[in-house]
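# Commentary on secondary and tertiary structure
What follows is each chain in one-letter form.
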Amino acid sequence: MRGDDAGRRGAARRRGMIAGLAAGLAFAVAGCTNAIAGSPEGVDIGPLTTAEGTSQALVDFAEAAAVHYTGSLVAADGAELTVDLTATLTGEVSGTITIDALPATVLYVDKTLYLKAAANFWNGMVTRFGVTSGDGSALANRWVKLPTSLIGVEFGEIFTPDVVAQTAGKVGDRTAKLELERNPKESIAGVDVYAVEVDGGTVYFATAAPHGVLRFELDRLGSGENTSVTDVLLDVADSSPDAVAHYQSLTKTAGGLTAAVDAVTGVEQGAHRFAQCGAPSCTLIVDIKNTAKSAVRVHLRADWTGDGAKLGTCQSNAGPVAPGAASKISCKITSPQWKSFYQRANSVPGTHPYGARWSALVLADPPDVGDLETWAAATPAAADGDKTEGSHAVYEIRAGGTPWKYGVVSNRYWRDHATDQLRRCMAGTRSACSATLVTAADDPVSAHALTTKLVADYRTEHDACPAGQWVSCTR
């Protein structure tokens, strides 16, 4: 063996592998088999089965960096929800939901749920959620922290792509070995799909390679007793090419959560009074007591009126207030409307009533956005097959020497994960397939950014995505 041959083979052992089946078929497809004496004969790889095609579609879906969902489901408490959400592989969720036809904006970051909605949403949900504000107008159009159990939906779990794929499960024995192309066809948004029954319900995926998933119809989704959902019908689309931009948007929105309120934790509001009311301003003072078991920060917001007209709003923060401690919070109105009202009240005879409608609410602890900031600044990892240390692996599957698919998976089991796909690659391409490590990345977003770049580069050169590519390939 020459030295350069040994080096190349050593590198191959470090960076990739060809499954035993693939190696055998590579020999057979290239020509013939000499396992027995006699005339050479070809080896039939065989077409994709229903089990193999469905499995590959779910593997691809599970690898997505971000997925857009639209559809409906029933929450654990029986409420009917419609959703228009984007979920990331790291567990963040954002978008809109409607609960019993009342809309709200959703943000799930740092394993915490926040909602923003109009007053009618909160008025309709006060009894359902058990919020302490009592009046929906106090929560209107501001971020509100709520336990997921009150909504009956564990957003961070049930919408994560790999969880959805695992919940769908496997094809039943009755159709597992049936050739994929023999399944009945349906149409979703003009795309021909197979509707395949799986353990968790039905998966709809494109009849054309790479057989991307378009819809899930699942009986149940989630593991928590109070947060599992049922009657799930979700149309899905890959959002991986925009993953970094999505993390940037999440980071920006999460930065505004410093003013989010905790509607479940409350303070006791006591007497109020007005002080130092004159031409420049007027101050509202409210006595409060912290009835929670931990120190809290309190936000006061007051909407002022005079002579029946709106005079403006004042806001302020107080605290932290110790558990069981009494305190006070105040805010001062200085608006032009107040100044005009005060001048008119002093110059026009008669009674000129004024007042304020206020709410003193506990401020929620802001989320930890450190990871979001890191992912928002992610750049594509460098392709380096010698780099094997990192949280996520970027791998390549090649068919007959041509890239068939790029994928991202936990670095701990990328070899087994890739090997499992080789038979499906061979059945779809009628070529020998092999898998190679492109690099190991230190975070999943950098890994996906590299995959997006590799797919885009391939597409520029070939005017098409790799034949087996669903993630990061917009069609």
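To be clear, the structure that these remarks concern was listed above.
Source: prediction; values computed, not measured. Per chain, the residues get numbers from 1 upward, laid out in the order the sequence is written. Side-chain atom pairs in this predicted model are given and counted only at pLDDT of 80 or more, local residue features only at pLDDT of at least 70, and totals for whole chains, interfaces and linings cover all residues. Hydrogens and waters are ignored; side-chain quantities use all the structure's heavy atoms.

### Examining the packing of helix α3 (residues 50-62) against helix α11 (residues 414-429)
To obtain an axis, a line is fitted to C-alpha atoms, over the contacting stretch when the element is a helix, and the angle between two such axes runs from 0 to 180 degrees between their N-to-C directions. Strands are runs of DSSP state E lasting at least two residues, helices are runs of H or I lasting at least four, and both sets are numbered from the N terminus onward. Across the interface, α3 lies against α11 with an axial gap of 10 Å and an inter-helix angle of 140°. One finds that α3 runs oblique with respect to α11. The chirality of how α3 crosses α11 is left-handed. Facing α3, whose interface residues are E52, S55, Q56, V59 and D60, α11 presents H417, Q421, R423 and R424. For the contact of α3 with α11, the class distribution of residues is one nonpolar, four polar and four charged. Angular relationships are summarised with four words: roughly parallel below 35 degrees, roughly antiparallel beyond 145, roughly perpendicular across 65 to 115, and oblique for the angles in between. In this scheme the handedness of a crossing depends on how the near helix is turned from the far one: anticlockwise by less than a right angle means left-handed, clockwise means right-handed. In this analysis, two residues are considered to be in contact whenever any of their non-hydrogen atoms come within 4.5 Å of each other. Residues are grouped as follows: Ala, Val, Leu, Ile, Met, Phe, Trp, Tyr, Cys and Pro are nonpolar; Asp, Glu, Lys and Arg are charged; all remaining types, including Gly, are polar.

### Comments concerning the nonpolar core
Throughout this description, the term nonpolar core refers to a set of buried Ala, Val, Leu, Ile, Met, Phe, Trp, Tyr and Cys residues connected via side-chain atoms within 4.5 Å. Exposure classes here rest on a 1.4 Å probe applied to the protein chains alone. A residue is buried below 20% of its type maximum, exposed above 50%, and partly exposed in between. Counting 77 residues, the largest nonpolar core has F61, I97, V153, F155, F159 and F216 as its most contacted members. It is α11 that provides the largest number of residues to this core, a total of six residues. The residues touching F61, leaving out its near neighbours within four places in the chain, are V67, Y69, P161, V164, A165, V213, F216, V236 and W470. Counting residues in each nonpolar core, the second largest holds 23 residues, with L284, W304, C331 and F341 among its members.

### What about the pattern of salt bridges?
Criterion for a salt bridge: a side-chain nitrogen of Lys or Arg within 4 Å of a carboxyl oxygen of Asp or Glu. Applying the stated criterion to the full structure yields ten salt bridges. The partner of K405 in a salt bridge is D60, with the nearest N and O atoms 2.8 Å apart. Within this pair, whereas K405 is found in strand β21 (residues 402-410), its partner D60 is found in helix α3, the two being separated by 345 residues in sequence. With respect to burial, K405 and D60 carry one shared label: buried. Across the pair D235 and R215 runs a salt bridge whose closest N-O atoms are separated by 2.5 Å. Taken together, the residues D235 in strand β12 (residues 229-238) and R215 in strand β11 (residues 213-221) connect sequence positions 20 residues apart.

### Comments concerning the layout of surface pockets
Left-over empty space is what a probe sized like a water molecule reveals as it rolls over the atoms. Considering only enclosed or pocket space, the largest pocket measures out at about 650 Å³ in volume. Lining the largest pocket are 27 residues, with A62, D162, A165, Q166 and H417 sitting closest to its centre. Among the elements of the structure, α3, α7 (161-168) and β21 are those that each provide at least two residues to the lining of the largest pocket. Of all the elements, α3 adds the most residues to the lining of the largest pocket, at seven residues. Of the residues contributing to the lining of the largest pocket, the split by class is twelve nonpolar, eleven polar and four charged. Here a cavity means grid points, on a 1 Å grid over the protein atoms only, where a 1.4 Å probe fits yet cannot get out; a pocket means an open set of points with protein on both sides within 12 Å along at least five of seven lines; lining residues are those with an atom within 4 Å of a point. Grid points are joined across faces, edges and corners, and a volume is the space filled by probe spheres set on the points.

### Remarks on the sheet that holds strand β18 (residues 326-333)
At least two bridges found by DSSP between two strands is the condition for calling them paired. In spatial order, the strands read β14-β15-β18; together these three strands make up an open sheet with antiparallel pairing. Edge strands, defined here as strands with exactly one partner in the open sheet, are β14 (267-275) and β18. In this sheet, neighbouring strand axes are inclined to one another by 20° on average, regardless of whether the strands run parallel or antiparallel. In the sheet, strand β15 (residues 282-290) pairs with β18 via eight bridges, with the strands oriented antiparallel. Paired with C282 across the bridge in β18 is I333.

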